[in-house]
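What follows is the residue order along each chain.
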Amino acid sequence: MNNNLNAEIVLAEPRGFCAGVDRAIEIVERALNKFGAPIYVRHEIVHNTYVVNDLKAKGAIFIEELSDVPPGSTLVFSAHGVSKAVQQEALSRGFHIFDATCPLVSKVHIEVAKLQKEGYEFIMIGHKGHPEVEGTMGQVTGGIHLVESVSDVARVQPSQSEKLALVTQTTLSMDDAADITAAVIARFPNVRSPKQKDICYATQNRQDAVKLLSPQVDIVIVVGSPTSSNSNRLREVAQKLGTESYMVDSADELQALWFEGKSRVGLTAGASAPEILVQQVIERIKALGAVSIRKLDGVQETVKFPMPKGLKMEP
Ligand code: SF4
């Protein structure tokens, strides 16, 4: 790219923060303002290194085990949600709890709990070990079977197939989820699909934007942390479309070598990556030779979720 005066940066739209991430961060910030430091947060509030470090600097303490939280503390559950067991343990330890679980994840939890009461078992499409998957599977004490790929579908063994429901992690690849869903339906034709699809609007919009972006550029840079499911999926979407793509946690990770001979650089960010990081990446790419920025048209997102009780603004 060096010395190529025509090199441009093409920005995907929408990109970056979704309503669930915005809300989760605001919950921690408001809790810090209202109750003072420290505020304990179970797991990374959202999967982004910059966000977590920023909140740590303001007085948040991130923990995995509730036994690490002193009695009487204020505790926030992360945007990914928690299992019933974690919820109950937190209650029994007497913490002052604020739940930053994204309402779109909570919607899945409510559906799972309701259907289990009606006698359903579940096939869950998701990534093993992801906190959202642990939280959703932990809404019930059994009868929920995780599949990560089409080949897993042949191996799954529910105890019956009459009352079987499908549930999906909110941040999956739309295309992969569609393939796995088709395999589940082929094997279990009676399976009940969610009324509203589980993959969230933000995941869908960001993947659609990358599909529009990728064919127009020589390389796609995704701003996101390695732990961020939806950011990883954005990089994969670009790669599957045949466009070289890299995910970076910050501008420092950009390598000059990637841009050699490239004249159009696509840029997007996962739902947990703040715009400040995108701006820093833009500055770095400019320093490497880009001279102009073009923004693609995309869906304008207006979703906003309310604060939990106790953290709403005083009138
Ligand atoms: S990516 Fe989707 S499910 Fe996750 S926090 Fe954002 S809106 Fe909620």
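Before reading further, recall that the structure is shown in the block above.
Residues numbered from 1 in each chain as written. Predicted model: local features only at pLDDT ≥ 70, side-chain atom pairs only at ≥ 80, totals over all residues. Heavy atoms only, no water.

Chemist: I tried to follow the site of the ligand on my own but got confused; where do I start?
Modeler: In the vicinity of the ligand, the residues found are C18, G20, V21, C102, L104, T170, T171, C200 and Y201. Tallied by class, the residues present in the shell around the ligand amount to 6 nonpolar, 3 polar and no charged. (Near = heavy atom within 4 Å. Nonpolar A, V, L, I, M, F, W, Y, C, P; charged D, E, K, R; others polar.)

Chemist: It is not clear to me how the sheet that holds strand β1 (residues 8–11) should be interpreted in this structure. Could you clarify?
Modeler: Sheet strands pair via backbone hydrogen bonds, and the direction of the pair is either parallel or antiparallel. Pairing within the open sheet is parallel, and its 5 strands lie in the order β10-β9-β11-β1-β12. The open sheet has two free edges, formed respectively by β10 (244–248) and β12 (292–295), since each of these has just one partner strand. On average, each strand axis in the sheet is inclined to that of its neighbour by 25°, with strand direction left out of account. By the bridge criterion, 4 bridges tie β1 to β12 in an arrangement that is parallel. The residue of β12 that forms the bridge with V10 is R294. Helix-sheet contacts for helix α8 (residues 201–213) involve β1, β9 (219–223) and β11 (264–269), and the interaxial angle to β11 is about 180°. (Pairing = 2+ DSSP bridges. Helix = DSSP H or I, 4+ residues; strand = E, 2+ residues; numbered from the N terminus. Axes fitted to C-alpha atoms, helices over the stretch in contact; angles between N-to-C directions. Contact = heavy atoms within 4.5 Å.)

Chemist: Is there a simple way to explain the environment of L11 in this structure?
Modeler: Relative to the elements of secondary structure, L11 occurs in strand β1. Each C-alpha atom, one on L11 and one on L164, is 42 Å from the other, the two residues being 153 residues apart in sequence. Ignoring anything within four residues of it in the chain, the contact list for L11 reads L267, V278, I282, I293, R294, K295 and L296.

Chemist: Looking at this structure, I do not really get the pattern of salt bridges. What am I missing?
Modeler: One side chain can pair with another of opposite charge once the charged atoms of both are near each other. Counted under the stated rule, the structure contains 18 salt bridges. The salt bridge partner of E29 is K58, with a shortest N-O separation of 2.8 Å. Pair noted here: E29 is in helix α1 (residues 19–35) and K58 is in helix α2 (residues 49–58), with a separation of 29 residues, a long-range link. The exposure class assigned to K58 is partly exposed, which follows from its relative accessible area of 41%. Via salt bridges that share partners, E13, R15 and E275 belong to a single interconnected network. (Salt bridge = Lys/Arg side-chain N within 4 Å of Asp/Glu carboxyl O. Buried < 20%, exposed > 50% of the residue type's maximum accessible area, 1.4 Å probe, protein only.)

Chemist: What am I meant to see in the packing of α1 against α2 here?
Modeler: Helices that pack against each other are described as a pair by the angle of their axes relative to one another and the distance between those axes. Contact geometry of α1 with α2 gives a least axis separation of 11 Å together with a crossing angle of 5°. Judged on the interaxial angle alone, α2 and α1 are roughly parallel. Of α2, the residues touching α1 (which contributes I25, V28, E29 and L32) are V51, D54, L55 and K58. A class-by-class count of the residues in the contact of α1 with α2 yields 5 nonpolar, no polar and 3 charged. (Parallel < 35°, antiparallel > 145°, perpendicular 65-115°, else oblique.)

Chemist: Sorry if this is basic, but what is going on with the pairing of strand β6 (residues 121–125) here?
Modeler: Each regular strand shows side chains that alternate between the opposite faces of the sheet. Most of β6 sits out of view: 5 of its 5 residues are buried. The alternating pattern of β6 places E121, I123 and I125 on one face and F122 and M124 on the opposite face, and all of these are buried. As defined by bridge partners, β6 adjoins strand β8 (residues 164–168) across 5 bridges and the pair is classed as parallel. By the bridge assignment for β8, I125 is matched with T168.

Chemist: What is the right way to read the nonpolar core from this model?
Modeler: A general trend in soluble globular proteins is that nonpolar side chains are found buried together. Core analysis: the biggest nonpolar cluster contains 31 residues, and V28, I45, V46 and V76 have the highest contact counts within it. Those elements giving two or more residues to this core turn out to be α1, β2 (39–42), α2, β3 (60–63) and α8. No other element matches α1, which puts 8 residues into this core. Non-local contacts of V46, meaning those with residues more than four positions away in its chain, are made with V21, A24, I25, V51, V52, A79, H80 and S272. (Core = buried A, V, L, I, M, F, W, Y, C linked by side-chain atoms within 4.5 Å.)

Chemist: Any chance you could explain the side chain of S228 here in plain terms?
Modeler: Examined against the element boundaries, S228 turns out to sit in the loop between β9 and α9 (229–240). The residues contacting S228, other than those within four sequence positions of it, are H47 and S272.

Chemist: Looking at this structure, how should I read the pairing of β8?
Modeler: Burial analysis of β8 places 5 of its 5 residues in the buried class, which makes it a mostly covered element. With burial as the criterion, each face of β8 is covered, one bearing L164, L166 and T168 and the other bearing A165 and V167.

Chemist: Can you help me understand the packing of aromatic side chains in this one?
Modeler: We describe a pair of aromatic rings using the distance from one ring centre to the other and the angle between the two ring planes. Applying the stated criterion to the full structure yields 3 aromatic pairs. Aromatic pair Y246 and W258: ring centres 3.9 Å apart, planes at 5°, arrangement stacked. With a gap of 12 residues between them, Y246 in strand β10 and W258 in the loop between β10 and β11 connect regions that are remote in the sequence. Members of the aromatic cluster, connected to one another through ring pairs, are Y246, W258 and F259. The ring of Y120 has R192 lying over it, and the distance from NZ or CZ to the ring centre is 5.9 Å. (Phe/Tyr/Trp six-rings, centres within 6.5 Å; stacked < 30°, edge-to-face > 60°. Lys NZ or Arg CZ within 6 Å of the ring centre and 35° of its normal.)

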